[in-house]
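Notes for the structure review
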Amino acid sequence: MVRHNNQLPNNLPQLQNLIKRDPASYKDEFLQQQRHYKSLLAVFTLRPTDFNKSLDELVMFMAQVAHCYPGELATFAQELTNMLQTHGPVLDKDMRMTFCRALILLRNKRLLTPTDLLSLFFGLLRSQDKELRKFLESHIVSDIKNLNSKHKDAKLNRNLQNFMYTMLKDNNAKAAKMSLGIMVDLYKKNIWRDTKTVNVISTGCFSKITKVMVAALKFFVTVDNNDSSDDSDSSSSDDDTPNTREVIMANKVSKTTRKRTKNLKKVKRLVEKNKKKKKQKQSSNFAALTLIHDPQGFAEKLFHQLEKRHERFEVKMLTLDVVSRLIGLHQLIIFNFYPYIQRFLQPHQKEVVRMMQFVAQASHEIVPPDVLEPVLRALVNNFVTERNSSDVMAIGLNAIREMCTRAPLVMTEDLLRDLAQYKNYRERSVMMAAKSLIHVYRSSMPQLLHKKDRGRPTEASLEIVARKYGEVDAKEFVSGAEILLDAENNDSADDSDESCDDEWVNVSHSENEISDDENIDDEDEDINDSDDDNEDIENTSDTEGINDTDQSISTQNSTTNVITKKKKVISKKEQLAEKNEKAAQVSSMRILSDEDFKRIEIAQLSKQMTSAKNRKRPAEPEESSRGELVRLKDIENIYKKRKHDKQTRIDSIKKGQEGREKFGYKDGRLNPFSSKTNREKKKTKNFMMIKHKAKGKAKKSFKDKQIALRNHLTKLKKMK
């Protein structure tokens with residue numbers, strides 16, 4: 001091998017390449033460069049604010065070949081660390097970036113522990129160099145991600161989290177905000193998705209620095225669904241995976257090689273893996289809020305901070321959002337929250353729809369109705385009045401619906417019946433909002449509605465029992481499990497019928513039986529009377545005597561109908577009790593499989609379709625899925641006719657004119673070639689030809705009328 005020793009000291013890239021190939025042969029050249037590096041470092045220490053190009057190149061050279069001479073460069077990492085710790089704020093920005101890159105190279109070669117490097121980089125986040133801070137942030141996130149890729153190092157993660165907890169309390173606003181951003185990023189990438197991370201982030205909500213507080217509050221109101229795609233994209237980019245489309249196109253138009261085929265398989269495998277991850281990943285808006293240790297204390301402390309600190313309106317909105325989510329998710333009790341937010345429930349208030357959303361989110365069944373009733377009254381009095389526009393009324397009714405969905409006991413019977421009257425309002429938006437409120441109480445407390453608003457009773461609606469405040473419906477069996485017992489009986493009956501195929505059964509109905517069936521149908525139509533009607537019937541039935549011989553035939557018939565209705569009510573209660581007994585029997589005697597639960601669910605859905613008279617009817621329009629989070633569009637949703645542009649209206653008009661006779665004057669003559677009358681000819685004449693005749697039909701002025709009257713009177717005198 002020919003060695004050009006005279007050129008190697010000035011050509012560091014060539015020397016670096018040769019050392020990596022044969023470290024022992026070029027050890028003397030390396031020691032020469034190391035002595036040069038130490039002398040330059042001593043000179044640079046005297047003036048750290050100046051940029052030294054030779055030192056910059058030598059530092060990167062030493063970092064590249066550090067793994068070849070671990071003994072000679074044992075103190076190299078500590079020298080760079082001391083330089084950054086001692087002169088970090090005053091160092092030249094290019095030299096500081098070079099030192100950081102060299103330390104990252106040493107970390108990648110496993111010549112530096114992650115704890116030492118990450119603690120140093122967290123300290124450098126206080127620097128005023130924005131480019132350096134972004135570079136350090138990306139490295140910290142990627143390094144922690146790589147450390148936890150194969151298995152999670154609990155001890156290392158715990159030490160880093162403790163260090164970040166102290167960084168959040170740092171007086172430097174940029175360092176505290178950057179540390180919080182790193183923890184949020186690690187949570188979203190599903191690296192640090194544990195309880196301690198969330199509780200460390202929650203301490204940022206009480207920071208004296210407004211930017212840190214806002215960043216922590218935004219973390220608790222962001223949607224995790226949006227982060228899954230970012231996570232998959234970032235993971236694919238970090239792993240340097242090829243793009244699917246590029247690989248597929250290369251295989252189509254280029255020569256098929258073994259490498260391209262391998263890349264294509266790799267991309268397809270990654271795509272399938274990401275799809276499985278998305279399916280398995282649990283996405284919830286409240287995933288972070290569920291991990292807080294003391295939600296009641298956290299919410300109270302946040303609300304107290306909201307009342308004491310004077311922040312901007314946007315910051316107050318964020319705080320109210322987090323507090324309302326905590327109250328709704330954990331069913332907390334903070335009575336002062338509702339009078340505070342009641343002040344903002346005015347149509348002219350800024351962001352009033354979001355305020356309504358917070359009220360609905362903070363409503364749940366454990367809050368006493370007396371506490372929520374003033375808020376409900378404020379919504380009704382300020383929004384659902386005819387002095388407001390139809391849009392304001394519809395939004396108010398939507399907010400009331402969302403609130404009553406989560407706390408139905410807050411509504412009174414008189415108020416609900418008044419609001420239900422808006423189902424006949426002239427504006428469609430108000431009418432649909434009122435109907436949606438009626439549908440909510442049809443499925444929860446139908447007795448509050450008027451009889452005509454309850455709808456046709458179904459098997460499911462007959463089983464609804466309104467719960468009182470604090471009452472819990474704890475069942476000891478699986479609801480609807482009786483269908484399994486009935487199905488087994490039907491199967492056994494079918495088997496017995498198959499065994500008796502040769503036997504004939506005479507099925508005949510007498511006239512009396514048919515008339516009895518008709519009477520039953522007639523009586524079923526009268527079952528849906530109101531509670532007042534039933535009470536009147538019971539009172540009349542009690543006062544009437546059965547043994548009275550002076551009653552008329554009509555009175556006897558009415559008494560018979562009343563007794564029949566009572567029997568039917570009793571029989572329905574007995575049927576419901578019998579179903580519950582069967583369901584309890586099935587639930588206690590056997591272990592239900594997935595197929596059994598599927599059959600039970602189908603049976604429960606069929607109850608909502610089947611009316612009490614065993615007739616099929618169209619199902620009610622299902623309410624949108626009610627989650628823990630109140631969607632803003634559920635309150636803003638206003639039913640209106642869609643606006644069409646001019647061209648769309650013209651096209652619809654022309655479409656309606658197709659196949660229609662031409663509009664205009666129709667000639668009704670039997671002979672189309674016969675002559676026309678003078679009146680018909682007059683319509684086609686030029687206006688100048690009939691102008692003098694049309695002038696006589698014009699209205700006379702007051703002066704002309706006086707002259708004509710005088711002439712007429714004069715003429716009458718002459719005639720006498």
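Predicted model only: the values in this text are computed from it and were never measured. (Residues numbered from 1 in each chain as written. Predicted model: local features only at pLDDT ≥ 70, side-chain atom pairs only at ≥ 80, totals over all residues. Heavy atoms only, no water.)

Looking now at the overall build of the protein. Helix and strand content of the protein: 33 helices and zero strands. In the protein, which comprises 720 residues, the share counted as buried stands at 35%. Taking the intrachain contacts of the protein between residues at least 6 apart in sequence as the baseline, contacts between residues at least 24 apart amount to 71%. When the accessible area of the protein is evaluated, it comes to approximately 46,300 Å², of which 50% is carbon and sulfur surface. (Helix = DSSP H or I, 4+ residues; strand = E, 2+ residues; numbered from the N terminus. Buried < 20%, exposed > 50% of the residue type's maximum accessible area, 1.4 Å probe, protein only. Contact = heavy atoms within 4.5 Å. Areas by Shrake-Rupley, 256 points an atom, 1.4 Å probe, with all protein chains shown as cover.)

Another point: the nonpolar core. Residues Phe99, Phe220, Phe337, Ile400, Leu419 and Tyr441 are the most contacted members of the largest nonpolar core, which totals 150 residues. Among all residues touching Ile400, those that are not within four sequence positions of it are Leu376, Leu379, Val380, Val384, Met411, Leu419 and Leu437. Within the second largest apolar cluster, seven residues are counted, among which are Ala481, Leu485, Val586 and Leu592. (Core = buried A, V, L, I, M, F, W, Y, C linked by side-chain atoms within 4.5 Å.)

Turning to the packing of helix H20 (residues 390–406) against helix H22 (residues 428–444), a few remarks are in order. Their axes nearest at 8 Å, the elements H20 and H22 cross at an angle of 10°. When the axes of H20 and H22 are compared, the pair comes out roughly parallel. Judged by residue contacts, Ser390, Asp391, Met393, Ala394, Leu397, Asn398, Ile400, Arg401, Cys404 and Thr405 of H20 engage Ser429, Val430, Ala433, Ala434, Ser436, Leu437, Val440 and Tyr441 from H22. Classifying every residue of the contact of H20 with H22 gives 11 nonpolar, five polar and two charged. (Axes fitted to C-alpha atoms, helices over the stretch in contact; angles between N-to-C directions. Parallel < 35°, antiparallel > 145°, perpendicular 65-115°, else oblique. Nonpolar A, V, L, I, M, F, W, Y, C, P; charged D, E, K, R; others polar.)

What follows deals with the pattern of salt bridges. The tally for this structure, following the rule as stated, stands at 16 salt bridges. With a shortest N-O distance of 3.5 Å, Glu314 and Arg312 are connected by a salt bridge. One connected set of salt bridges, linked through shared partners, spans Arg312, Glu314 and Lys350. (Salt bridge = Lys/Arg side-chain N within 4 Å of Asp/Glu carboxyl O.)

Among the surface-exposed residues, Lys130, Lys134, Lys174, Lys177, Lys211 and Lys218 lie close enough to one another that they form a single positively charged patch. Looking at the positive patch, the elements that each hand over two or more residues are helix H7 (130–147), helix H9 (173–188) and helix H11 (210–221). For Lys134, the position within the fold is in helix H7. (Patch = residues over 30% accessible without salt bridge, like charges linked within 9 Å, V, L, I, M, F, W, Y side chains within 5 Å. Lys, Arg positive; Asp, Glu negative; His and termini not counted. Charge placed at Lys NZ, Arg CZ, Asp CG, Glu CD.)

So, on to the packing of aromatic side chains. Overall, the coordinates contain 13 aromatic pairs when judged by the stated rule. Here Phe30 and Tyr69 contribute two aromatic rings whose centre-to-centre distance is 4.2 Å and whose plane-to-plane angle is 15°, an arrangement assigned as stacked. Placement of Phe30 in helix H2 (residues 27–46) and of Tyr69 in the loop between helix H3 (53–64) and helix H4 (76–87) is noted, with a sequence separation of 39 residues between them. The burial state of Phe30 is the same as that of Tyr69; both residues are buried. Arranged with centres 5.5 Å apart and planes meeting at 85°, the rings of Phe206 and Phe298 form a pair that is edge-to-face. (Phe/Tyr/Trp six-rings, centres within 6.5 Å; stacked < 30°, edge-to-face > 60°.)

Below, the discussion takes up the confidence of the model for the protein. Looking at the protein, the pLDDT average stands at 76 and 71% of residues meet or exceed 70. For residues 280–285, every residue scores under 50 in pLDDT, and the model assigns this stretch 12 contacts once sequence neighbours within four places are set aside. Contacts of residues 613–625 to residues separated by more than four positions or lying in other chains number 22 contacts, the stretch itself having pLDDT below 50. (pLDDT = per-residue confidence, 0-100.)

Here we take up a nonpolar patch on the surface. A surface patch of nonpolar side chains, about 350 Å² in accessible area, is lined by Ile333, Phe335, Ile366 and Tyr469. By the secondary structure assignment, Phe335 is in the loop between helix H16 (313–330) and helix H17 (337–342).

So, about H11. The end-to-end C-alpha distance of H11, which contains 12 residues, comes to 17 Å, matching closely the 16 Å that a straight helix rising 1.5 Å per residue would cover. Taken residue by residue, H11 has Val212, Met213, Val214, Ala216, Leu217, Phe219, Phe220 and Val221 as its buried positions. Buried residues along H11 sit in contact with H9, helix H10 (195–202), helix H15 (295–308) and H16. (Expected span 1.5 Å × (residues − 1).)

Where helix H1 (residues 12–21) contacts H3, the axes come no closer than 10 Å and their chain directions differ by 10°. Taken as axis vectors, H1 and H3 run roughly parallel relative to one another. Of the residues in H3, those in contact with Leu12, Leu15, Gln16, Ile19 and Lys20 of H1 are Glu57, Leu58, Phe61 and Gln64. Split into classes, the residues belonging to the contact of H1 with H3 amount to five nonpolar, two polar and two charged.

Our next topic: unusual backbone geometry. Not every positive phi belongs to a glycine, and Arg110 is a case in point at roughly 60°. Checked against the element boundaries, Arg110 lands in the loop between helix H5 (93–108) and helix H6 (114–124). Positioned with a positive phi, Glu351 is a non-glycine residue whose angle comes to about 55°. Residue placement: Glu351 occurs in the loop between H17 and helix H18 (352–361).

This next bit is on the side chain of Asn157. Secondary-structure assignment places Asn157 in helix H8 (residues 154–168). Sequence-distant contacts of Asn157, that is, excluding residues within four places in its chain, are made with Asn148, Lys152 and Trp192.

In this section: the environment of Gln349. With respect to the secondary-structure elements, Gln349 resides in the loop between H17 and H18. Gln349 gets classed as partly exposed once you look at its relative accessible area, which sits at 22%. Beyond its immediate sequence surroundings of up to four residues, Gln349 is in contact with Phe313 and Phe344.

Moving on to helix H21 (residues 413–420). Here H21 has its buried residues at Leu415, Leu416, Leu419 and Ala420. Burial along H21 is one-sided: seen end-on, the buried residues are contained in an arc of 135°. Looking at the buried side of H21, the elements it contacts are helix H19 (369–383), H20 and H22. (Arc of directions from axis to C-beta.)

The residue Leu326 is located in helix H16 in this model. As for Leu326 and Phe298, which are separated by 28 residues in sequence, their C-alpha atoms are 8.8 Å apart. Non-local contacts of Leu326, meaning those with residues more than four positions away in its chain, are made with Leu289, Ile292, Pro295, Phe298, Ala299, Gln331 and Leu332.

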